[in-house]
Amino acid sequence: MTSPADPPNGAGASGPGLKLLAVTACPTGIAHTYMAAEKLAQAAESLGHSMKVETQGSIGAENVLSDNDVSQADGIIIAADKDVDRSRFVGKRVLVVGVADGIHRPQRLIEQVLDAPVYEGDGSGAGRGGASGAAASGGGGGGGSKGRSVTYKALMNGVSYMIPFVVVGGLLIAVSLALGGDTTSKGIVIPDDSFWKTVNDIGSVGFELMIPALSGYIAYAIADRPALVPGMVGGWIAAHGELYDSEAGAGFIGAIVTGFLAGYLVLWIKRVKVPKFVQPIMPIIVIPIVATSALGLFFIYVLGEPISWVFEQLTDWLGGLTGTSAAVLGIILGLMIAFDMGGPVNKTAFLFGAGLVSKNPEVMGACAAAIPVPPLGQGLATLLRRRMFDDQERETGLAALFMGFFGITEGAIPFAAARPARVIPANMVGGAVAGAIAGVASVEDNVPHGGPIVAVLGAVGGVPMFFVAVVVGTAVTALVTIALMSVGGGAVGASATAGGAATAGGAGVVGGAGVVGAEGGDSGAPSVVGEPVLAEVGGGGRAGEASGAAGEAAGGAAGGAAGARKAVAPQGVAAETGEVEAVPAGQVLSGYLTEQTVKERLAADGKDAAIREMAELLAVTGKVADTAELVRAAFAREDQGTTGLGEEIAIPHAKTDAVTAPVVGFARSPEGIEWGAPDGTKARLVFMIAVPEADAGDEHLRILALLSRKLMGVEFRERLLGAGDVGAILGVLGEIG
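Counting restarts for each chain, with residues numbered from 1 along the sequence as it is written. Local features are withheld for residues below a pLDDT of 70 in this predicted model, meaning they are given only at 70 or higher, and side-chain atom pairs are given and counted only at 80 or more; totals for whole chains, interfaces and linings count all residues. Only heavy atoms go into the side-chain values, all of them from the structure, while hydrogens and water stay out.

1. Remarks on the overall build of the protein
Consideration 1: Counting secondary structure elements, the protein contains 27 helices and 15 strands.
Consideration 2: Surface accessibility of the protein: about 25,100 Å² in total, with carbon and sulfur atoms responsible for 59%. By definition, any uninterrupted DSSP run of H or I lasting at least four residues is a helix, any uninterrupted run of E lasting at least two residues is a strand, and each is numbered from the N terminus. Accessible areas in this description were obtained via Shrake-Rupley with a 1.4 Å probe; residue shielding takes into account the shown protein chains only.

2. Here's the deal with a nonpolar patch on the surface
Consideration 1: Only residues whose relative accessible area exceeds 30% and that form no salt bridge enter a patch; like-charged residues are grouped when within 9 Å of one another, and nonpolar side chains (Val, Leu, Ile, Met, Phe, Trp, Tyr) when within 5 Å. A carboxyl oxygen of Asp or Glu within 4 Å of a side-chain nitrogen of Lys or Arg is what we treat as a salt bridge. Together, Leu261, Leu297, Phe298, Tyr301 and Val302 make up an exposed nonpolar region whose accessible area comes to about 490 Å².
Consideration 2: With four residues, the top contributor of residues to the nonpolar patch is helix 10 (residues 282-319).
Consideration 3: With respect to the helices, strands and loops of the structure, leucine 261 is situated in helix 9 (residues 251-270).

3. Concerning the pattern of salt bridges
Consideration 1: Taken as a whole and judged by the stated rule, the model has 12 salt bridges.
Consideration 2: With a closest N to O distance of 3.0 Å, glutamate 629 and arginine 632 form a salt bridge. With glutamate 629 and arginine 632 both in helix 24 (residues 627-640), this residue pair falls three residues apart, about one helical turn.
Consideration 3: A salt bridge links glutamate 648 to arginine 684, with the nearest nitrogen and oxygen atoms 3.7 Å apart. Note that glutamate 648 is positioned in the loop between strand 11 (644-646) and strand 12 (649-650) and arginine 684 in strand 15 (residues 683-691), a separation of 36 residues in sequence.
Consideration 4: Working definition: with a 1.4 Å probe on protein chains only, accessible area under 20% of the residue-type maximum means buried, over 50% means exposed, and in between means partly exposed. Judged by relative accessible area, glutamate 648 falls into the partly exposed class, the value being 27%.
Consideration 5: Classification of arginine 684 as partly exposed rests on a relative accessible area of 24%.
Consideration 6: Residues joined by salt bridges that share partners form a network here, namely Lys39, Glu647 and Arg717.

4. Topic: helix 12 (residues 344-355)
Consideration 1: Helix span, expected: 1.5 Å multiplied by one less than the number of residues in the helix. In this model helix 12 runs 16 Å from its N-terminal to its C-terminal C-alpha over 12 residues, within 8% of the 16 Å that 1.5 Å per residue would give.
Consideration 2: Along helix 12, the residues that are buried comprise Pro344, Val345, Asn346, Thr348, Ala349, Phe352 and Gly353.
Consideration 3: Against helix 9, helix 10, helix 11 (326-340) and helix 13 (361-370) lie the buried residues of helix 12. Note on contacts: a residue pair is in contact if any heavy atoms of the two residues lie within 4.5 Å.

5. Here's the deal with the packing of helix 11 against helix 12
Consideration 1: One way to put it is that helix 11 packs onto helix 12 with a least axis distance of 6 Å and a crossing angle of 140 degrees. The orientation of helix 11 relative to helix 12 falls into the category oblique. The hand of the helix 11/helix 12 crossing is left-handed. Facing helix 11, whose interface residues are Leu333, Met336, Ile337, Phe339 and Asp340, helix 12 presents Pro344, Val345, Asn346, Thr348, Ala349, Phe350 and Phe352.
Consideration 2: Gly is placed with the polar residues, together with every amino acid not listed as nonpolar (Ala, Val, Leu, Ile, Met, Phe, Trp, Tyr, Cys and Pro) or charged (Asp, Glu, Lys and Arg). Residue composition of the contact of helix 11 with helix 12, grouped by class: nine nonpolar, two polar and one charged. Each axis is a line fitted through C-alpha atoms, taken for helices only over the stretch in contact, and angles between the N-to-C directions span 0 to 180 degrees. Should an angle fall under 35 degrees it is taken as roughly parallel, and over 145 as roughly antiparallel, whereas 65 to 115 is taken as roughly perpendicular and any remaining angle as oblique. The handedness criterion is simple: a crossing whose near helix is rotated anticlockwise from the far helix by less than a right angle is left-handed, and one whose near helix is rotated clockwise is right-handed.

6. Quick notes on the packing of aromatic side chains
Consideration 1: Side-chain rings of Phe, Tyr and Trp, where Trp is taken by its six-membered ring, are said to pair if the distance between their centres is within 6.5 Å; with planes under 30 degrees apart they count as stacked, over 60 as edge-to-face, and otherwise as tilted. Applying the stated criterion across every chain yields a total of 10 aromatic pairs.
Consideration 2: Arranged with centres 5.4 Å apart and planes meeting at 65 degrees, the rings of tyrosine 244 and phenylalanine 299 form a pair that is edge-to-face. Within this pair, whereas tyrosine 244 is found in the loop between helix 8 (228-239) and helix 9, its partner phenylalanine 299 is found in helix 10, the two being separated by 55 residues in sequence.
Consideration 3: Phenylalanine 299 sits in the buried class, given a relative accessible area of 3%.
Consideration 4: Relative to phenylalanine 467, the ring of phenylalanine 466 lies with its centre 5.6 Å away and its plane at 80 degrees, an arrangement referred to as edge-to-face.

7. Notes on helix 13
Consideration 1: Buried residues dominate helix 13, accounting for nine of its 10 residues.
Consideration 2: Restricting attention to buried positions, one finds in helix 13 the residues Pro361, Val363, Met364, Gly365, Ala366, Cys367, Ala368, Ala369 and Ala370.

8. Some points on the nonpolar core
Consideration 1: Residues belong to one nonpolar core when they are buried, are Ala, Val, Leu, Ile, Met, Phe, Trp, Tyr or Cys, and are joined through side-chain atoms within 4.5 Å. Of all hydrophobic cores here, the largest spans 73 residues; its most connected members are Leu214, Ile218, Phe252, Ile256, Val454 and Phe466.
Consideration 2: Counting residues per element, this core draws most heavily on helix 6 (residues 143-180), which supplies 11 residues.
Consideration 3: Excluding residues that lie within four positions of it along the chain, valine 454 makes contacts with Ile188, Asp445, Val447, His449, Ala459, Val460 and Phe466.
Consideration 4: By size, the runner-up hydrophobic cluster in this structure holds 27 residues, among which are Ile103, Phe687, Leu711 and Met712.

9. Some details on unusual backbone geometry
Consideration 1: The backbone of serine 442 sits at a positive phi, close to 55 degrees, despite the residue not being glycine.
Consideration 2: Following the sequence through the fold, serine 442 ends up in the loop between helix 17 (420-440) and strand 8 (444-445).
Consideration 3: For serine 442, a relative accessible area of 42% puts it in the partly exposed group.
Consideration 4: Positive phi is not limited to glycine here, since glutamate 648 has a value of about 65 degrees.

10. Notes on the pairing of strand 14 (residues 663-673)
Consideration 1: Burial analysis of strand 14 places nine of its 11 residues in the buried class, the great majority of the element.
Consideration 2: Pairing of strand 10 (residues 598-599) with strand 14, which is carried by two bridges, proceeds in the parallel orientation. Residue pairing for strand 14: lysine 599 is matched across the bridge by alanine 667. Whether two strands pair comes down to DSSP finding at least two bridges between them.

11. Quick notes on the packing of helix 10 against helix 11
Consideration 1: One can describe the packing of helix 10 onto helix 11 by two numbers: an axis separation of 12 Å at closest approach and a directional angle of 160 degrees. For the element pair helix 10 / helix 11, the angle class is roughly antiparallel. Relative to helix 11, helix 10 is oriented so that their crossing is left-handed. From helix 10, Leu314, Trp317 and Leu318 reach across to helix 11, where they touch Ile332, Leu333 and Met336.
Consideration 2: Among the residues forming the contact of helix 10 with helix 11, the class breakdown is six nonpolar, no polar and no charged.

12. Topic: the confidence of the model for the protein
Consideration 1: Put simply, the protein has an average pLDDT of 75, and 75% of its residues get 70 or more.
Consideration 2: Low pLDDT (under 50) marks residues 123-148, which in the prediction has 66 contacts with non-local residues, meaning those over four places away or in another chain.
Consideration 3: Per residue, pLDDT captures the predictor's confidence, and it can take any value from 0 to 100. The model gives residues 490-584 a pLDDT under 50, and that stretch makes 405 contacts with residues more than four places away or in other chains.

13. A closer look at the environment of methionine 364
Consideration 1: Tracing the sequence through the fold places methionine 364 in helix 13.
Consideration 2: The sequence separation of methionine 364 and glutamate 444 amounts to 80 residues, and the corresponding C-alpha distance is 6.7 Å.
Consideration 3: When residues no more than four places from it in sequence are discounted, the contact partners of methionine 364 are Phe350, Gly353, Ala354, Val357, Ile371, Asp445, Val447, Pro448 and His449.

14. Overview of the environment of glycine 713
Consideration 1: Take glycine 713: it is sitting in the loop between helix 25 (698-710) and helix 26 (714-722).
Consideration 2: It is 9.7 Å that separates the C-alpha atoms of glycine 713 and glutamate 647, two residues lying 66 residues apart in sequence.

15. Looking at a negative patch on the surface
Consideration 1: Taken together, the side chains of Asp245, Glu247, Glu305, Glu312 and Asp316 define an acidic patch exposed on the protein surface.
Consideration 2: Mapped onto the secondary structure, glutamate 305 falls in helix 10.
Consideration 3: Taking the relative accessible area as the measure of exposure, glutamate 305 reaches 54% and is therefore exposed. Positive residues here are Lys and Arg, negative ones are Asp and Glu, while His and the chain termini are left out of the count. Lysine's charge is taken at NZ, arginine's at CZ, aspartate's at CG and glutamate's at CD.

16. Looking at the side chain of arginine 419
Consideration 1: Here arginine 419 is to be found in the loop between helix 16 (413-418) and helix 17.
Consideration 2: Residues adjacent in sequence count toward polar contacts only when both atoms are side-chain atoms; beyond that, a polar contact is any pair of N or O atoms within 3.5 Å, and within protein one must be able to donate a hydrogen and the other to accept it. Engagement of the side chain of arginine 419 in a polar contact is seen with the side chain of glutamate 393, the distance being 2.9 Å.

17. Some thoughts on the side chain of asparagine 200
Consideration 1: With respect to the helices and strands, asparagine 200 occurs in helix 7 (residues 195-223).
Consideration 2: With residues near it in sequence (within four places) discarded, asparagine 200 still touches Ile173, Ser176, Leu177 and Ile190.

Following this line, the structure appears as structure tokens:
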């Protein structure tokens, strides 16, 4: 089998025209990465230019550009929806666009690359995001979507780097409390001379670093390395209220604010013209020092005062509510606890309850019931609707469940930071419900701590109603989260765009206008995510349209083809060796697609009917345990975003235990089926891929990458459409490997 990242036809070959380079990458690193590579190479060849394309796929970077390649290049195209290191391209004209542009407008990109700005490093040129990024793109994407793309990409970059700190810190704290904590009037306390105190301290360090990491890597995604230090220092200041006379820091919301402030401040400083002798020290000395000082002073002296004032006013306001009804007070405390998860509003409610533990433990009881609801609710949502979340989010969801049990509200921060406009309201509704139930039931908490752990350790009075409050609040948060994501397109692969104006969440998450304009509204978020992703995350993201369609197919489905009736050499093998390497009869694409799962003509004339027909086709293999569930899973994937890739191709897919082994089907529709493809074409070539939940591996990714690239060839598609019978179809598909 050839590698999906081998140079596409014509890539890297010498030609009479320009010597061009390209880098393609998408959040999932599967279909779109290789589709864009193939399209760019084909376009370059047709225009008489040579082009070498580096693909940064899910199996790593391949066909890597060498220093000699870069030094001889006339221009470089980066078609990517994730961060690509540009430091090696200093002094070259660099055009930066979304991966969809590489697929849909390759010739235009080649025409534009000679007018692209010269990349001069961190200071100018094809900078990361922001104004410079937009300039470098040469208008490749839609204006409005481009702006949302920068915001979403930056936010998801910060979230993806923050998650390990949340998980490691939170789990270490939870384990140390469980194994070494004692219930006291001051809460669950670990003795100072205990081994578990050391473990707790290590976890606390991880937790303290998560806010600076979120802020720093948001800034990094916007303005590159010079923005990292200002962003991280700004995040640290935001998290430590004592620096601006506040009893509580600004939490993750403050970190998002400082991250964007740092990023755009650095971008602004980069535009300042300085003498050439100063330019070398700008990114490592001048910009970080100036930006860090300016941001720090601004936050402490300008933003810090209002935060401190809000904290004091909320405390005074809560003090005036002590005589009000238990239900109303419980609702208010639940809303506050769940709002910013460790920020000033949360801390105000917690300290208010903690201060009344000895006099009025019912107040702390309402707080204790609301404290675990955000992480438990988000964790439950990842279990109830797994396909709405990417792999990293599902893993984070499990950690959030564990942290929620131990009363660590911050376990929900990664979800809230990724989709603030959806997750925060869901958390607040659930927290309010939990607080109200606990208040009405007069649940008491005799220690300043929350979560089920305090009930297990005997610090709660009214244990049954305490657990009722927590369970109901958790369920409400999970269901509201799922509902808002479904309505707002916030799931993995939410929606799509054509021509590079990204609108889908690639990482399984969407940004939102919630706190800092990160969410893109009802259409979802851009099909871009930061590294190291979540993924695609993303998309949707990251993700929506083709990116999410093929991306999730690869991440959770097996590519396959039934072999040719006669020996066929996979493309590239004969060219390299001069020999034909036989593909076993009836076995292509590792045998996942067989003669049984190929159909010459679909009877269906609509997408839903076609999916049902394809599921029945797969069922004849005996690998489908529940056809109805497979159909339901495929429909659920379509609800998140079309699997119509364009170019008359659709790849519906599902990762579900309704199948016992990976299986792939193929069928044709001569008239075409409306599939909602970004380029408006009807699907005439339909592949259906299904893989069990537990199944994974580079082989499946490799197969789908090869399939995606090969399908970009017009001649290949025409032969596939024109093949006379099943045997001929298998013969054509056998060329994929």
